[in-house]
There are 2 protein chains.
Amino acid sequence: MTAVQAFLDRVHDLARLGSIQGHLGWDRETLMPRKGAAARSDVLAWLAAESHRRMVAEEFGTLLESVRDEAQHDPDLAATVREMTRRRDRAVLLPEAFVSEFARTRSLAQGAWQDARAASDFPAFAPHLETLLSMTKERVRLLGHEGPTYDALLDEYEIGSTMADYDPMFAELKAHLVPLLARITESSAAQHLPALPEGARFPVADQIAFCERVSRTMGFDFEAGRMDASAHPFSAGLWPGDTRFTTRFDETDPFSCLYAVMHETGHALYEQGLPDAFQRTPRGEAISLGVHESQSRFWENQIGRTEAFWSVVGPWFRDAFPDAPALDAAAMNLIANKVEPGFIRVEADEVTYNLHIMLRYEIEKQMFEGNLTIAELPQVWNTMMEEWFGLEVKEDRLGCLQDIHWSMGAFGYFPTYTLGNLYAAQLLEAMSGDLGDMDTLVRGGDWSAPLTWLKSRIHERGSLLLPPALIEEATGSPPTAAAFLRYIEGKYSRLYGL
Amino acid sequence: MTAVQAFLDRVHDLARLGSIQGHLGWDRETLMPRKGAAARSDVLAWLAAESHRRMVAEEFGTLLESVRDEAQHDPDLAATVREMTRRRDRAVLLPEAFVSEFARTRSLAQGAWQDARAASDFPAFAPHLETLLSMTKERVRLLGHEGPTYDALLDEYEIGSTMADYDPMFAELKAHLVPLLARITESSAAQHLPALPEGARFPVADQIAFCERVSRTMGFDFEAGRMDASAHPFSAGLWPGDTRFTTRFDETDPFSCLYAVMHETGHALYEQGLPDAFQRTPRGEAISLGVHESQSRFWENQIGRTEAFWSVVGPWFRDAFPDAPALDAAAMNLIANKVEPGFIRVEADEVTYNLHIMLRYEIEKQMFEGNLTIAELPQVWNTMMEEWFGLEVKEDRLGCLQDIHWSMGAFGYFPTYTLGNLYAAQLLEAMSGDLGDMDTLVRGGDWSAPLTWLKSRIHERGSLLLPPALIEEATGSPPTAAAFLRYIEGKYSRLYGL
């Protein structure tokens, strides 16, 4: 056996352990009965320790070193070596007991969050969050990071990103989005938006049928994946040939489920489009959360929230919900693009969405770089919601309990959503240059061209390139906020007649 | 750390790996998209090799030896040591590559069986069965078993059982059941059985609600488990606090789902009743398939197929299916106990059920001790069905493709079902001695007394005693067919006025 084969064998083993952890995590969010929580946390902690042990094993370190030369002439192998090095360099700094305990803590916290969110009971979740926060700080300390703790976390979710990148980006966005929001809410169009009738019901079974049709038309292969329900929609490329996403249902609002499905299908198409030839290696994995989010936001917003889209799916909507009023594509699209400060990030329009992210970013900065305590979190959140959105949060389930991320110990994750929005707009511009007018294309009802474009430029590249290089290769320019600002100003000026 | 702690740590690790395999197997049967089959088989093969490596590791062997003395004074530890010794003694005779390949073959065969059964396409499944058969023979050869191959397989599913035990048992049963069947089918009562009206529909959602109510009343804790759907109903105690069973639905026949649910709930109650104190060790596991089957058959038949049962659930049935005709408990019970030679084992009445088992037993004997080839299997099956049941099998999905077991490589498993029937009848007699008239008790609607009785005498004993000793301890007599024959003759003579 060659050194490369021996190295890849061990990489495959780590990927299998990762898939098992992913699968048991997916099951916990979708199916697990509540009394299964302790055993699930036990085995996830055990698996984390098992993975850690294999990662830090000297033998694996030696194998990793032994393939470096060969990787210089093989860019695919180089991507895998680069990623394994990054992961191993971190892992060797963490004691196994810490890794295992952190996994157990995260697993238990997610169950506690589900219950706390359902009951809108922040104090029930607070001790878990407290532990996660202090373990996260301890983790950064163990990693020997120099500089601000929060930078270390940001880098973890989007390699190379720091507050020095995000602060000006968010400032630029805020400078444009806040006035745009004001112009929209003061516009006369905003006073006369169409709406679905009060009290209309959209049965879950019909929502499932409608949304599966949309997902299938986007290109999701249901023979290689599933759609299920969970408290917080998510997507997971669990195994080669088995990618799963979830949604949730509100019988009074069919848009909530539809756009969750389009969003998660966007993620899932990335997973289904990853190159088979590099299964179970980093080369064959998605490169980053920011890029992942560009895929979900592209389908959700740039395809899904257009009049062209509604001209195709409007008839399907009326098939699924024969009792719903017959609104035309323009009206449905206006409803789908209603700009309004709201409580829930995942249901936010594109103008306010990034303000939700900024709010979380500012709070996380205060958690790690300031003095914000967990006990103060609800009040700080609610004060910011009042100041930024003019909304009074009366229940924490509509406030600081709404997102799953902190219960996963994922601090520093949120800003990747905004990166995804920026990347998506830049991809849309480049795609239009190649494929022609996107509205015409979407209206045609065959959406395979954008998927094929994304597949060759993003999906199949896996982790070959780091995010900025990948975006530049795909679009011809390094990532900036310019395309997003053009997109959002143009789209909403047209929609609201500004 | 003491030697016992070190030993149990490794036992726990093996149990975790077993639970992971069980969970991924459960998911394959219930949820996995078809294109996930290759990766699932890959990881199950990998996990089998991983377990095998830990089981045969010299260090584990040394630990196992080091706790033998202590086990002499600790019956709980002794049960775990006894079981681990039995498993390890076998494992060390099998090469890791064989274990892994066998796991992969089984996993792929189960997918192939599902498709072949749906399409009634035996030739599509035959190559898989061929491989499983030859690998099973090879496995017995590797284990160095002396004597007939089939005895080695029988022993695997019920420790100590051989053809020398089963041949006379089946002969005794056949001598009673064949004449009983003839008396029943020739009786005038058999000509005038009530029936549900032709063409009546029982919607799946209503069947779910009705069956969950029955399962809950039996004592299944839905906070510590789930009910799902699969091609072949099964039950699996996946994790501490997480026991899952499945059923299947036929909208024209609500009895099919109901009795599958009662059967699988019986298994699941055993799993939920296992002692928490011995989690993740053999001491805390169910002792055998035969005993497991006694629990499922007890609830399905001895509780579920009684007039007393229908006097309780009849009103629930009418709640769930308001369009169904209002039949009284006696009529519903006659329908539920209709004796009739049929194609499908899991839907068979109690009189013909064991004939289905005998048919499989005879065929397996011919596979391992005679010259029966896989190609001849459908014809041999169909000829026996004609001779024994007077039925012509026109589709293999109603014949030799109906059961999942062979696709799991589980040859020698079927006879444990008959053992279960015998144990169940013996348990019922003993239970009646303790609790009084069972009909009165069941009619009262509170079924916690039989569950409590079974919990203390069977469930909580885990693997402390081998099956014959466990049954003798629970009932006061060693296991025989006598109680079953008394039960079946008495019940069906009454029902059919013989």
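These figures come from a predicted structure and were not determined experimentally.

### Considering the pattern of salt bridges
Side-chain pairs of opposite charge can arise whenever the charged atoms involved come near each other. All names here are of chain A. Tallied over the full model, the rule gives 86 salt bridges over all chains. Between arginine 53 and glutamate 96 there is a salt bridge; the shortest N-O distance is 2.8 Å. Of this pair, arginine 53 sits in helix H2 (residues 37-56) while glutamate 96 is found in helix H6 (residues 96-119), placing the two residues 43 residues apart along the sequence. By relative accessible area, arginine 53 is classed as partly exposed at 39%. As a salt-bridge pair, arginine 183 and glutamate 489 come within 3.5 Å of each other at their nearest N and O atoms. Taken together, the residues arginine 183 in helix H9 (residues 163-186) and glutamate 489 in helix H22 (residues 482-496) connect sequence positions 306 residues apart. Judged by relative accessible area, arginine 183 falls into the partly exposed class, the value being 38%.

### Regarding the relation of the copies chain B and chain A
If you rotate chain B by 180° and push it 0.0 Å along the axis, it lands on chain A with an RMSD of 0.0 Å. A rotation of that kind, with that shift, is consistent with a two-fold axis. Within chain B, B:Ile20 has its C-alpha nearest the rotation axis, a separation of 4.0 Å. Here 100% of the contact residues of chain B are again contact residues in chain A; the copies associate through an equivalent surface.

### What about the interface of chain B and chain A?
Counting from both sides, the interface comprises 34 residues of chain B and, opposite them, 34 residues of chain A. The contact between chain B and chain A buries some 2,900 Å² in all, and 57% of this surface belongs to carbon and sulfur atoms. Taken together, the links from chain B to chain A amount to 14 salt bridges. Put simply, A:Arg16 and B:Asp42 hold a salt bridge, and the shortest N to O gap is 2.8 Å.

### Topic: the sheet that holds strand E1 (residues 225-229) of chain A
Residues and elements named next belong to chain A. Spatially, E1-E3-E2 is the arrangement adopted by the three strands of the open sheet, whose pairing is mixed. Sheet topology places E1 and strand E2 (235-239) at the edges, where each strand pairs with a single neighbour. Averaged over all adjacent pairs, the angle separating strand axes in this sheet is 25°, with direction ignored. Of the pairings in the sheet, the one linking E1 to strand E3 (residues 242-247) comprises five bridges and is parallel in character. Within E3, the position partnered with glycine 225 by the bridge is threonine 243.

### Some words on the sheet that holds strand E2 (residues 235-239) of chain B
Residue and element names in this part refer to chain B. If you trace the three strands from one edge of the open sheet to the other, you get E1-E3-E2, paired in mixed fashion. The open sheet terminates on both sides in strands that have one partner only, identified here as strand E1 (225-229) and E2. Taken pair by pair, the neighbouring strands of this sheet meet at an average axis angle of 25°, ignoring direction. Where E2 lies against strand E3 (residues 242-247), four bridges are found, and the strand directions are antiparallel. Residue pairing across strands places serine 235 opposite phenylalanine 245, the latter belonging to E3. Across the sheet, helix H1 (residues 3-30) lies against E1, E2 and E3, angled at about 135° from E2, the strand it touches most. Strands E1, E2 and E3 of the sheet are contacted by helix H12 (residues 254-273), whose axis makes an angle of about 165° with E3.

### Some thoughts on the confidence of the model for chain A
Per-chain confidence: chain A averages 96 in pLDDT, with 100% of residues scoring 70 or above. Interface predicted TM-score (ipTM) for the complex: 0.94; the corresponding pTM is 0.95.

### Considering the pairing of E3(A)
If a strand is regular, its side chains alternate between the two faces of the sheet. All names here are of chain A. Of all six residues in E3, six are buried, a share of seventy percent or more. Neither face of E3 is open: one carries Asp242, Arg244 and Thr246, the other Thr243, Phe245 and Thr247, and all of them are buried. Turn length for the E2-E3 hairpin, with the two strands adjacent in sequence and antiparallel, is two residues, and the turn residue glycine 241 shows positive phi of about 80°.

Calculation notes
Residues numbered from 1 in each chain as written. Chains lettered and ligands numbered in written order. Predicted model: local features only at pLDDT ≥ 70, side-chain atom pairs only at ≥ 80, totals over all residues. Heavy atoms only, no water. Salt bridge = Lys/Arg side-chain N within 4 Å of Asp/Glu carboxyl O. Helix = DSSP H or I, 4+ residues; strand = E, 2+ residues; numbered from the N terminus. Buried < 20%, exposed > 50% of the residue type's maximum accessible area, 1.4 Å probe, protein only. Least-squares fit on C-alpha atoms with pLDDT ≥ 70 in both. Contact = heavy atoms within 4.5 Å. Buried area = accessible area lost by both parts, 1.4 Å probe. Pairing = 2+ DSSP bridges. Axes fitted to C-alpha atoms, helices over the stretch in contact; angles between N-to-C directions. pLDDT = per-residue confidence, 0-100.

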